[in-house]
Amino acid sequence: MPILPQRRELFPMEASCGARSGPAAKTPEEFARQLRFRRSLQETSSLPPIPPGLLSFDAQSRTGAIDASSVPSGWLHLWSPLEKWPAPLREVYRQDVLAAFPTQRKRATPGLDEVVLCLTVSRCPRKGFRLEERSCLFYCRGICALATLQRRADEPNPSLSPTSIGYYLGIARQRASLLSGRVQAFLEQSMRAKRGFGELCPPENSGTGELPQSD
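Since we're looking at a predicted model, the values are computed, not measured.

(A) Region of interest: the sheet that holds strand β2 (residues 67-71). A sheet is described by the order of its strands in space; here three strands give the open sequence β1-β3-β2, paired in antiparallel fashion. With one partner strand each, in any of the chains shown, β1 (55-58) and β2 form the two edges of the open sheet. Direction aside, the axes of adjacent strands within the sheet are offset by 20 degrees on average. Direction of pairing for β1 relative to strand β3 (residues 74-78): antiparallel, over a ladder of four bridges. Pairing of leucine 55 across the sheet is with leucine 78, part of β3.

Below is the structure:
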């Protein structure tokens, strides 16, 4: 996930590591960490600039902003609500702005199952030092499916309800219910086809044994 142009101020350690060559990496882990730093700085430099009338970084706190967020070397000031930002900037920076200004988030819709956002998962080897890794197989609309499953593991029914799935994916509840049923049937058939896993599956009550139709 891209971060705000003020990344050097928000993450001075990362900026300093990327700015100087430093000692040569002695282990594959150190080399991989240096590559992640460089990739992150390269991604930041290619982002579109944010007009100061929308958001600004200042050394001192200022009055008049609709919201302010303290960072190690100054303040981020939000001057315009996110919904009033130009569409291209809103698409790129939405998650960053919400992470910096939690009070700007809309109230959660009642009855939704709890999920874990990718940006809140720490020490993830898939995303390194980035806030999000959208190419990850477990990433979906800002949600980490793996962390969500782990969070809900102790629930009587750890799966998300069709209402929640539909809300998070932006589709109708009926559509979410249909897709959930197809996914469940596909997983059960795939497990039955594997030696060992098939013995752990409950007996089939009915069915033709055909794979569900793809949508």
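After that view of the structure, there is still more to cover.
(B) Structural view of the layout of surface pockets. The computed volume of the second largest pocket comes to approximately 840 Å³. Lining the second largest pocket are 24 residues; nearest its centre among them are Ala145, Leu160, Ile165, Ser180 and Val183. Elements that contribute at least two residues to the lining of the second largest pocket include exactly β4 (139-140), β5 (143-144), α5 (145-151), α6 (162-169) and α7 (173-192). No other element matches α7, which puts seven residues into the lining of the second largest pocket. In terms of residue class, the lining of the second largest pocket is built from 18 nonpolar, five polar and one charged.

(C) Highlighting the pattern of salt bridges. Taken as a whole and assessed by the stated rule, the structure comprises three salt bridges. In this structure, the salt-bridge partner of glutamate 114 is arginine 151, at a minimum N-O distance of 2.6 Å. Separated by 37 residues along the polypeptide, glutamate 114 in the loop between α4 (87-100) and β4 and arginine 151 in helix α5 bring together distant segments of the chain. Judged by its relative accessible area of 47%, glutamate 114 is partly exposed. Under the relative-accessibility criterion, arginine 151 is labelled partly exposed at 45%. The salt bridge involving arginine 134 is made with glutamate 132; its shortest N-O contact spans 3.3 Å.

(D) Representation of the environment of threonine 120 in the model. Mapped onto the elements, threonine 120 comes out in the loop between α4 and β4. Within the structure, the side chain of threonine 120 is placed 2.7 Å from the backbone oxygen of leucine 117, a separation counted as a polar contact.

(E) Looking closely at the confidence of the model for the protein. In the predicted model, the protein carries a mean pLDDT of 77, and the fraction of residues at 70 or more is 80%. Mean pLDDT per element in the protein: helix α2 (residues 12-19) is the minimum at 40, and β3 is the maximum at 93. Considering only residues more than four positions removed or in separate chains, one finds that residues 5-21, a stretch of pLDDT under 50, has 27 contacts. In this model, residues 206-212 is a region of pLDDT below 50 whose contacts with residues beyond four sequence positions or in other chains number eight contacts.

(F) Inspection of α6 at higher detail. Of the residues making up α6, those classed as buried are Ser164, Ile165 and Gly166. Tucked into the core, α6 has its buried residues touching α7. One or two residues past the end of α6 sits glycine 170, with phi positive at roughly 75 degrees.

What counts, and at which threshold
Residues numbered from 1 in each chain as written. Predicted model: local features only at pLDDT ≥ 70, side-chain atom pairs only at ≥ 80, totals over all residues. Heavy atoms only, no water. Pairing = 2+ DSSP bridges. Helix = DSSP H or I, 4+ residues; strand = E, 2+ residues; numbered from the N terminus. Axes fitted to C-alpha atoms, helices over the stretch in contact; angles between N-to-C directions. 1 Å grid on protein atoms, 1.4 Å probe; cavity = no way out; pocket = protein on both sides within 12 Å on 5 of 7 lines; lining within 4 Å. Points joined across faces, edges and corners; volume = space filled by probe spheres on them. Nonpolar A, V, L, I, M, F, W, Y, C, P; charged D, E, K, R; others polar. Salt bridge = Lys/Arg side-chain N within 4 Å of Asp/Glu carboxyl O. Buried < 20%, exposed > 50% of the residue type's maximum accessible area, 1.4 Å probe, protein only. Polar contact = N/O pair within 3.5 Å; in protein donor to acceptor, adjacent residues only side chain to side chain. pLDDT = per-residue confidence, 0-100. Contact = heavy atoms within 4.5 Å.

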